Amino acid sequence: MTTGCFMLVLVACWLLALGVWMIWHVYAQVREMRTFTQPTAQVIHPDQPTGDDLAALRAKLAAFGNSIDARTADKLELTVVDLNHLLSAQEPVNRLKDIAKVEEITDVVKVKVALALNGVPFSGERLYLNGFITVRPEIKSDSGLVLLTRSVEVPDKTLPPGFSGSYLQANHLDGLALDEVRKDNRLKSLLTQITSTRCEPGKVVLEYTPQVKPATPGK
């Protein structure tokens, strides 16, 4: 066997071994996910706000946005009911209405979820994370308002530390809730101008304080 043929055989064997390892790794992950997921999604019952409910909520949101535009200090308080009305009826976040619902707000926001995860590749299998995710709104200098995932819980199930760690790091719920919002230039601008946020019992508080420009020397 020539040196060239030997190298080709060696590379082929390496690729085969890599492929076998990847397949084994994927199947191991799926087997692990089956221990804390279900084959069907739990039912999420969206709120059914009235027209007056939505009009009042939208007016409150618009007033806060107008304050930001006018560079006037203001505060927006959103209750559990407000957030669920947004999830059930306000585009684009209403695409989450069948998979997420706010349960309570303490120092974090607890969200009931029914999130689909991929099972065996190309099989069409779906596994559902039926449980609760807690998030905490925070302000980042580059992206403005974000929802940081703080915990993932499935009742009566133990989640592997590797899954929990990667899920918290990936911050999926923030993307599901806000990625489409950030595609709207005006909404993205408002999110990036909010100056502080916090959770209080029963509500999320967003605040806007105009930034005072430093005085020019000599004036």
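Residues numbered from 1 in each chain as written. Predicted model: local features only at pLDDT ≥ 70, side-chain atom pairs only at ≥ 80, totals over all residues. Heavy atoms only, no water.

**Looking at the packing of helix H2 (residues 51–69) against helix H6 (residues 185–193)**
Step number 1: Across the interface, H2 lies against H6 with an axial gap of 10 Å and an inter-helix angle of 75°. With respect to H6, the element H2 is oriented roughly perpendicular. Along its contact with H2, which presents Gly65, Asn66, Ile68 and Asp69, the element H6 presents Arg186, Leu190 and Gln193.
Step number 2: The residue makeup of the contact of H2 with H6, split by class, is two nonpolar, three polar and two charged. (Axes fitted to C-alpha atoms, helices over the stretch in contact; angles between N-to-C directions. Helix = DSSP H or I, 4+ residues; strand = E, 2+ residues; numbered from the N terminus. Parallel < 35°, antiparallel > 145°, perpendicular 65-115°, else oblique. Contact = heavy atoms within 4.5 Å. Nonpolar A, V, L, I, M, F, W, Y, C, P; charged D, E, K, R; others polar.)

**Things to note about the sheet that holds strand E7 (residues 203–208)**
Step number 1: In space, the three strands of this open sheet follow the order E1-E7-E6, with antiparallel pairing throughout. Pairing within the sheet leaves two strands with one partner each, and these edge strands are strand E1 (74–79) and strand E6 (196–200). In this sheet, adjacent strand axes meet at a mean angle of 20° when their direction is disregarded.
Step number 2: Note: E6 against E7, five bridges, orientation antiparallel. Opposite Arg198, over in E7, you have Val205 as the bridge partner.
Step number 3: Lying over the sheet, H2 contacts E1 and E7, oriented at roughly 155° with respect to E1. (Pairing = 2+ DSSP bridges.)

**Brief notes about the confidence of the model for the protein**
Step number 1: Of all residues in the protein, 79% attain a pLDDT of 70 or more, and the chain-wide mean is 85.
Step number 2: In the model, residues 19–27 has pLDDT below 50 throughout and makes three contacts with residues more than four positions away in sequence or in other chains. (pLDDT = per-residue confidence, 0-100.)

**Some remarks on the pattern of salt bridges**
Step number 1: Scanning the entire structure with this criterion turns up twelve salt bridges.
Step number 2: We note a salt bridge from Lys203 to Glu200, for which the minimum N-O separation is 3.6 Å. (Salt bridge = Lys/Arg side-chain N within 4 Å of Asp/Glu carboxyl O.)

**Concerning the nonpolar core**
Step number 1: Counting residues in each nonpolar core, the largest one holds 42 residues, and the members touching the most others are Val109, Leu129 and Ile133.
Step number 2: With five residues, strand E3 (residues 109–118) is the single largest residue contributor to this core.
Step number 3: When neighbours within four sequence positions are excluded, Leu129 is seen to be in contact with Phe36, Thr37, Val113, Ala114, Leu115, Leu117, Val152, Val154 and Tyr167. (Core = buried A, V, L, I, M, F, W, Y, C linked by side-chain atoms within 4.5 Å. Buried < 20%, exposed > 50% of the residue type's maximum accessible area, 1.4 Å probe, protein only.)

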